[in-house]
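Survey of secondary and tertiary structure
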Amino acid sequence: MQSPFEQIRPLVLASSSPRRQNFLRDQGLEFTVMAAEGPEPVPDGREDPTAFALRAAGHKARSAARRLASGAGAAGAAPLVLAADTIVTLNGQILGKPASRQQALSMLTRLAGVTHTVITACCLHPVNPADARPLCFADSTRVSFADWPEEILRAYVDTGDPLDKAGAYGIQGKGAFLAERIEGSWSTVVGLPVSQTIRALLTMNALRPRSAA
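Small disclaimer: the values here were computed from a predicted structure and weren't measured. (Residues numbered from 1 in each chain as written. Predicted model: local features only at pLDDT ≥ 70, side-chain atom pairs only at ≥ 80, totals over all residues. Heavy atoms only, no water.)

To continue, consider the environment of L135. Inspection of the secondary structure puts L135 in strand 7 (residues 135–145). Counting along the chain gives 53 residues from L135 to L82, while the straight-line C-alpha distance between them is 9.7 Å. Every residue in contact with L135, bar those within four places of it in the chain, is listed here: C122, C123, L124, A200, T203 and M204. (Helix = DSSP H or I, 4+ residues; strand = E, 2+ residues; numbered from the N terminus. Contact = heavy atoms within 4.5 Å.)

Next up, the structure:
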C-alpha cells in the first residue's frame with residue numbers, strides 16, 4: 001500500500017525496538033537501525049521526568065550521529081537520526097525496567113487500580129550539524145490499570161514479558177489486558193508518538209506529501 005509521504009532523506013533509527021521499527025514501516029518509511037551503545041543516562045533523583053526522557057533521547061541521538069559522522073563519506077543527503085526513550089511515571093517517580101521478577105511484581109502491584117503516566121521523548125538529530133538544529137519533543141499519555149489481584153499479576157510476570165520493559169509491562173503484547181483506559185496516544189505508550197514523529201520529519205524536510213500526480 002502506498003504511503004501518503006515521500007521520503008527525501010535517509011533515516012537512521014537509533015533503537016533496536018521492534019515496536020518502533022514497525023511503526024515506521026507502517027508509515028512506509030525506509031530506515032536503517034543503529035542500536036544504542038554504552039550505558040544509558042539514569043535519573044538523578046531530582047530531574048523532572050519529561051526533562052529526563054528528553055535528555056535520554058538526545059543522548060542516544062547524539063551518540064548515533066557521532067558514530068555515523070565518523071564513518072562519513074557517502075554521497076547524497078546526510079541522514080537524520082531518530083532516537084526515542086520511553087519512561088513510566090507514578091506520582092512523579094520514574095519506574096524503570098525491573099531488575100528481577102520480584103521487582104516487576106512490585107511495580108505492577110503499585111500500578112494496579114491507579115492511573116500513571118507514560119512519557120516518550122524523541123530526538124531527530126542531523127548527522128551533519130550544518131544541516132539543521134536537532135529537533136526534540138515529548139508526548140505523555142495517562143494509563144489506568146484495572147485493579148488486578150496479585151495472582152494475576154504474578155502469572156503475567158511469569159511469562160517473562162515485563163522484564164525488558166519500563167514500568168514492567170508492554171501494552172502492545174501480553175500486558176494489554178492490564179490497562180482499563182488510556183487518555184492520549186496509544187503509540188506513545190508503545191514507544192513512539194507517531195503523529196508527532198511524522199510532523200517532526202516533515203519539519204526537518206525528511207518527508208513531503210506524496211503528489212497525486
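Bringing empty space enclosed by the protein into the picture now. A water-sized probe rolled over the atoms picks out the places where empty space is left. With the rule as written, the count across this model stands at 2 cavities of 30 Å³ or more. A volume near 30 Å³ is recorded for the second largest cavity. For the second largest cavity, the full set of lining residues is F23, L24, Q27, L29, L192, V194, T197 and I198. Those elements that provide at least two residues to the lining of the second largest cavity are helix 1 (18–26) and helix 6 (194–203). Residue classes in the lining of the second largest cavity are distributed as 6 nonpolar, 2 polar and no charged. (1 Å grid on protein atoms, 1.4 Å probe; cavity = no way out; pocket = protein on both sides within 12 Å on 5 of 7 lines; lining within 4 Å. Points joined across faces, edges and corners; volume = space filled by probe spheres on them. Nonpolar A, V, L, I, M, F, W, Y, C, P; charged D, E, K, R; others polar.)

With that settled, the discussion passes to the state of the cysteines. Each disulfide consists of one covalent bond between the sulfur atoms belonging to two cysteines. Evaluation of the coordinates by the stated rule reveals 1 disulfide. Shown here is the disulfide that connects C123 with C136, its sulfur atoms set 2.5 Å apart. In this pair, C123 is assigned in strand 6 (residues 115–126) and C136 in strand 7, connecting sequence segments 13 residues apart. Residue classification places C123 among the buried residues on the basis of a relative accessible area of 2%. For C136, a relative accessible area of 35% gives the class partly exposed. Left unpaired, C122 is separated from the closest cysteine sulfur, that of C123, by 8.8 Å. (Disulfide = S-S within 2.5 Å. Buried < 20%, exposed > 50% of the residue type's maximum accessible area, 1.4 Å probe, protein only.)

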